[in-house]
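Chain by chain, the residues:
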Amino acid sequence: MVSAPPFGGGRTGPWALVPPGTWKMPVPWFLLSLALGRSPMVLSLEKLMGPQDTARCSPGLSCHLWDGDVLCLPGSIVSAPGPVLVPTRLQTELVLRCHQETDCDLCVRVAIHLAVHGHWEEPKDEDKFGIAADPELEEPRNAFLQAQVVLSFQAYPTARCVLLEVQVRAALAQPGQSVGSVVFDCFEAALGAEVRLWSYTQPRYQKELNLTQQLPALPWLSVSADGDDVHLVLDVSEEQHFGLSLYWNQVQGPTKPWWHSNLTGPQNITLNHTDLFPCLCIQVWPLEPDSVRTSLCPFREDPRAHRNLWRAARLRLLPPRGWQLNAPCSLLAEATLCWQAPGGGPCQSLVPPLSRANVTVNKTLQLPLLNAHPNLCVQVSSWEKLQLQECLWADSLGALKDDMLLVETRGPQDNRSLCALEPSGCTPLLSRASTRAARLGEQLLQDLQSGQCLQLWEDDLRALWACPMDKYVHQRWALVWLACLLLASVLFLLFLFKKDHVKAAPRGRAALLLYSAEDSGFERLVGALASALCQLPLRVAVDLWSRRELSAQGPLAWFHAQRRQTLQDGGVVVLLFSPGAVALCHEWLQDGAAASAPHGPHDAFAASLSCVLPDFLQGRAPGRYVGAYFDGLLHSEAVPALFRSVPVFSLPSQLPDFLGTLQGPAAPRPGRLGERAKQVSRALQPALDQLLQAPGAPGAPGDCTRDGT
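All residue numbers here refer to positions counted from 1 along the written sequence of the relevant chain. Under the rules for a predicted model, residues below a pLDDT of 70 receive no local features and side-chain atom pairs below 80 are neither given nor counted, while totals for whole chains, interfaces and linings still include all residues. As a rule here, side-chain values cover all heavy atoms of the structure and leave hydrogens and water aside.

**A few points about the overall build of the chain**
Okay, so step 1: Secondary structure summary: the chain contains 13 helices and 35 strands in total.
Okay, so step 2: A simple rule labels every residue: compare its accessible area, found with a 1.4 Å probe on the protein chains alone, to the largest value its type can have, and call it buried under 20%, exposed over 50%, or partly exposed in between. Classification of the 709 residues of the chain by burial places 44% in the buried group.
Okay, so step 3: Only heavy atoms matter for contacts: two residues are in contact if any of them lie within 4.5 Å across the pair. Long-range contacts, defined here as pairs at least 24 residues apart, represent 68% of the contacts in the chain between residues at least 6 apart.
Okay, so step 4: Surface summary for the chain: the accessible area is close to 37000 Å², and the carbon and sulfur share equals 54%. Under the DSSP-based scheme used, a helix requires at least four consecutive residues in state H or I and a strand at least two consecutive residues in state E, with every element numbered from the N terminus. Computed with the Shrake-Rupley method and a 1.4 Å probe, the accessible areas treat only the protein chains shown as cover for residues.

Here it is in structure tokens:
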């Protein structure tokens, strides 16, 4: 096994904690190799099994690691009483600390190189710290140099200090020379974290040794937003084969897979923002036997993901008294019980509230009720904002009832008070308030005492009762029937008047618009024109409003049917020329039927040329066809000469003449026609300006009563 080389070049820095922002995760070698670089010499990281810290020394040294961490107190520098051991250099190496074979964390191994500092002096006190004499052998060659070396580690949010005892025979130590090193395993850290190391002795004979380094980050995966899309960019070598899985990491229950694929090399995967959820996670692993999988959940704090989660959440009420909140992810929410009176208004919170603990999703919970009632509802709120509401058993118990909810409060010595829950609050039954509950207080109290009310819930101090109010509603059937008959008569008269008015109104002339669907911007412009023409006495047909029929019949059959109907009704076919339409006409005139195939699934213009051109070639076009083009998109000379046998108008500059030709004999007087032309121009100009300034901008047709749909 070849170990990864020591990382970083090291730099010094002040004694301070690093800022937050790193995250920790189990790290397989596949991803660490990507983080450390694509060098073929980096094959694996050494694995350390078990959670225990250890220390080992180079030959000639003996060392001992104290149990547990110690306080980091460097203290002041003191003079050495003689030769002492001091740290001279820190060296680091990345390893893996594994709790199980496939559950490993990144760990920093630290090697402390030691040397002799100071010169030999005869100690005055054998108990002096730093030189200990062998009690049996007093000769100097058998003495030991001993040191307590502190190793401090900081990587947000972790800070640790460990103590190492090291000793070496004095005979092997020479002032100013290295005596070896002690290796500590290890400090756990996260990828991308900044780590700081200090080392000094106790007592401290020199300035502490420090080292600051940046752990490598994972370059293999990045998440970026582009409008409504989210891009997952996987930056791996072209030879790397790996598996990628998107799944929902559900806290309650097993994970739910959503998408999986085996991939090779760098990838760019696009997700729509509606697919995002807080628990949507990404898992990646090399396609190798027994490979370790690494997961990342980057959308936990994404506001769009939380909005999508609430849109996907569903509240279900299950008989007899169960309820369930279904959602792809866990939700931070609370549920309450409320009373929904008929006629609208807010649902009023009830005692008892449901458990204030967070709702467990996808799990059936029980309501603390004695009996069910259709007016009882469950509300789910998050951060005091109502998200979902569902009333109980609407299918089995029917619609909301006009019942009065009584709240009973029980006191000592069998004392009790009753109030009725109304929109204004809980009204005492025997009060002088001007509410319905106060007026009927005595009757409701008698109903409760006679057992006509349904008990919904109770505990030692309170109870809820639902009392029917049907018998107190004075229903005056004769007046109701009279009002209904009067209303029916009025409606019948209005219907007759409307029918006669429709018969008397002249039918607008039919107009079939043909154009080449070359881009969405031009389609939006055509839609604006068609919508504006609908406001005139014209019956407009255009393929934009008949896509379903176009797909079912085909462009050619649809055009033949629309053309035949338009001409039979005395209407006119409008040819809207654009650069694409002119090009199609030239192709058809040069190549004949070979160019007449539709250029798209809804391109009625291309399909219509086989029928339109013979009308022009045989002289049948005048009176049946009108041409038009848009200012700034086409010059009049660009319109093929064959089509100039009919009037060709420039829009919107020649709108009055264009509208007069379309409406024919039914055209209004010139003043009224000019007003209509201004209305059409105002509707047309924004779409035309947008097309001229930003070609290809998306658009949609206007909404009106459409002919031919």
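**Re the sheet that holds strand β16 (residues 267-272)**
Okay, so step 1: One bridge is not enough; two strands pair if DSSP finds at least two bridges between them. Pairing is antiparallel in the open sheet, where 3 strands are placed in the order β12-β13-β16. Only two strands of the sheet have a single neighbouring strand rather than two, namely β12 (221-226) and β16. Pairs of neighbouring strands in the sheet enclose a mean axial angle of 20 degrees, with direction left out of account.
Okay, so step 2: Examined bridge by bridge, β12 and strand β13 (residues 229-234) share 6 bridges and lie antiparallel to one another. By the bridge assignment, Asp226 is partnered in β13 with Asp229. Axis lines are fitted through C-alpha atoms, for helices just across the contact stretch, and the angle between N-to-C directions can take any value from 0 to 180 degrees.

**Some thoughts on the sheet that holds strand β33 (residues 572-577)**
Okay, so step 1: Spatially, 5 strands are ordered β32-β31-β33-β34-β35 in an open sheet, and the strand pairing comes out parallel. The sheet terminates laterally at β32 (538-542) and β35 (648-651), the two strands that pair on one side only. Between one strand axis and the next, the sheet turns by 25 degrees as a mean value, whatever way the strands run.
Okay, so step 2: Along the sheet face, helix α7 (residues 520-534) touches β31 (509-514), β32, β33, β34 (625-630) and β35 and points at about 160 degrees away from the line of β32.

**What about the nonpolar core?**
Okay, so step 1: Nonpolar cores are built from buried Ala, Val, Leu, Ile, Met, Phe, Trp, Tyr and Cys residues. Side-chain atoms within 4.5 Å join them into one set. Ranked by internal contacts, the top residues of the largest apolar core, which has 52 residues, are Trp323, Leu325 and Leu331.
Okay, so step 2: For this core, the leading source of residues is strand β14 (residues 241-248), giving 4 residues.
Okay, so step 3: Listed in part, the 37 residues of the second largest apolar core include Phe522, Val572, Leu651 and Leu691.

**Focus on a nonpolar patch on the surface**
Okay, so step 1: Patches in this entry comprise residues that are over 30% relatively accessible and not in a salt bridge; like charges within 9 Å are linked, as are nonpolar side chains (Val, Leu, Ile, Met, Phe, Trp, Tyr) within 5 Å. The working definition used for a salt bridge is a side-chain nitrogen of Lys or Arg within 4 Å of a carboxyl oxygen of Asp or Glu. Residues Leu486, Leu487, Val490, Leu491 and Leu494 make up a contiguous nonpolar surface patch of about 490 Å² in total accessible area.
Okay, so step 2: Locating Val490 in the fold gives a position in helix α6 (residues 477-504).

**Comments concerning the environment of Asp402**
Okay, so step 1: Take Asp402: it is sitting in the loop between α3 (394-397) and β26 (403-410).
Okay, so step 2: Polar side-chain contacts of Asp402 include one of 3.2 Å to the side chain of Arg436. Two N or O atoms count as a polar contact when they lie within 3.5 Å, although within protein this holds only if one can serve as hydrogen donor and the other as acceptor, and sequence-adjacent residues are included solely when both atoms are side-chain atoms.

**Some thoughts on the state of the cysteines**
Okay, so step 1: Any two cysteine sulfur atoms lying within 2.5 Å of each other are counted as a disulfide. Inspection of the entire model under this criterion finds 9 disulfides.
Okay, so step 2: Between the sulfur atoms of Cys453 and its disulfide partner Cys467 the distance amounts to 2.0 Å. Every disulfide takes its handedness from the sign of the S-S torsion; for Cys453 and Cys467 that torsion is 110 degrees, giving right-handed. On the criterion of sequence distance, the pair formed by Cys453 in the loop between α5 (441-449) and β29 (454-458) and Cys467 in strand β30 (residues 462-468) is long-range, its members being 14 residues apart.

**What about the confidence of the model for the chain?**
Where the model shows low pLDDT, its predicted coordinates should not be examined in detail.
Okay, so step 1: The score called pLDDT rates the predictor's confidence residue by residue, from a low of 0 to a high of 100. Confidence in the prediction for the chain averages 78 pLDDT; 80% of positions are at 70 or higher.
Okay, so step 2: Mean pLDDT per element in the chain: helix α1 (residues 29-36) is the minimum at 47, and strand β2 (residues 54-57) is the maximum at 94.
Okay, so step 3: Note on residues 1-43: pLDDT is under 50 here. Beyond four places in sequence and across chains, it has 112 contacts.
Okay, so step 4: Contacts for the low-pLDDT stretch residues 133-139, under 50 throughout, to residues beyond four places or in other chains number 4 contacts.

**Quick look at helix α2 (residues 303-312)**
Okay, so step 1: Those residues of α2 lying buried are Arg304, Ala305, Asn308, Leu309 and Trp310.
Okay, so step 2: Its buried side turned inward, α2 meets β12, β13, β24 (376-382) and β25 (385-391).

**Here's the deal with the packing of aromatic side chains**
Okay, so step 1: Here the aromatic set is Phe, Tyr and Trp, taking the six-membered ring for Trp, and pairing holds for ring centres within 6.5 Å; pairs whose planes are under 30 degrees apart are stacked, those over 60 apart are edge-to-face, and all others are tilted. Under the counting rule described, the total for this entry stands at 9 aromatic pairs.
Okay, so step 2: On the numbers, 5.8 Å between centres and 85 degrees between planes, the contact of Phe522 with Phe630 is edge-to-face. Linking Phe522 in helix α7 with Phe630 in strand β34, this pair joins segments that are 108 residues apart in sequence.
Okay, so step 3: A relative accessible area of 1% means that Phe630 is categorised as buried.

**A closer look at the pattern of salt bridges**
Okay, so step 1: According to the stated counting rule, one finds 21 salt bridges in the structure shown.
Okay, so step 2: A salt bridge links Glu46 to Arg109; its shortest N-O distance comes to 3.1 Å. Of this pair, Glu46 sits in the loop between α1 and β1 (47-49) while Arg109 sits in strand β5 (residues 103-117), placing them 63 residues apart in sequence.
Okay, so step 3: As a salt-bridge pair, Asp615 and Arg563 come within 2.6 Å of each other at their nearest N and O atoms. With Asp615 in helix α11 (residues 604-617) and Arg563 in helix α9 (residues 555-568), this pair connects stretches of sequence that are 52 residues apart. Arg563 shares its class with Asp615; the two are buried.
Okay, so step 4: If you follow the salt bridges from partner to partner, you end up with Glu46, Arg56, Glu93, Arg109 and Asp185 in one network.

**Quick word on unusual backbone geometry**
In most cases, non-glycine residues show a negative phi, while peptide bonds are predominantly trans.
Okay, so step 1: In the segment running from Asp185 into Cys186, the intervening peptide bond is cis, with an omega of -15 degrees.
Okay, so step 2: With respect to the element layout, Cys186 can be found in strand β9 (residues 178-188).
Okay, so step 3: In the Ramachandran plot, Asn362 falls in the positive-phi region, its phi being about 60 degrees despite a non-glycine side chain.
Okay, so step 4: Looking at the element boundaries, Asn362 is found in the loop between β22 (348-349) and β23 (365-366).
Okay, so step 5: Judged by relative accessible area, Asn362 falls into the partly exposed class, the value being 34%.

**So, the pairing of strand β28 (residues 425-428)**
Okay, so step 1: Across 4 bridges, the pairing between strand β27 (residues 416-422) and β28 is antiparallel. Each residue of the ladder has a partner; that of Leu421, found in β28, is Cys426.
Okay, so step 2: Taken together, β27 and the strand that follows it, β28, pair antiparallel across an intervening segment of 2 residues.

**Some remarks on the environment of Pro157**
Okay, so step 1: Locating Pro157 in the fold gives a position in the loop between β7 (144-155) and β8 (158-169).
Okay, so step 2: On the accessibility criterion, Pro157 (68% relative accessible area) is exposed.
Okay, so step 3: For Pro157 and Ala189, which are 32 residues apart along the polypeptide, the C-alpha to C-alpha distance reads 9.4 Å.

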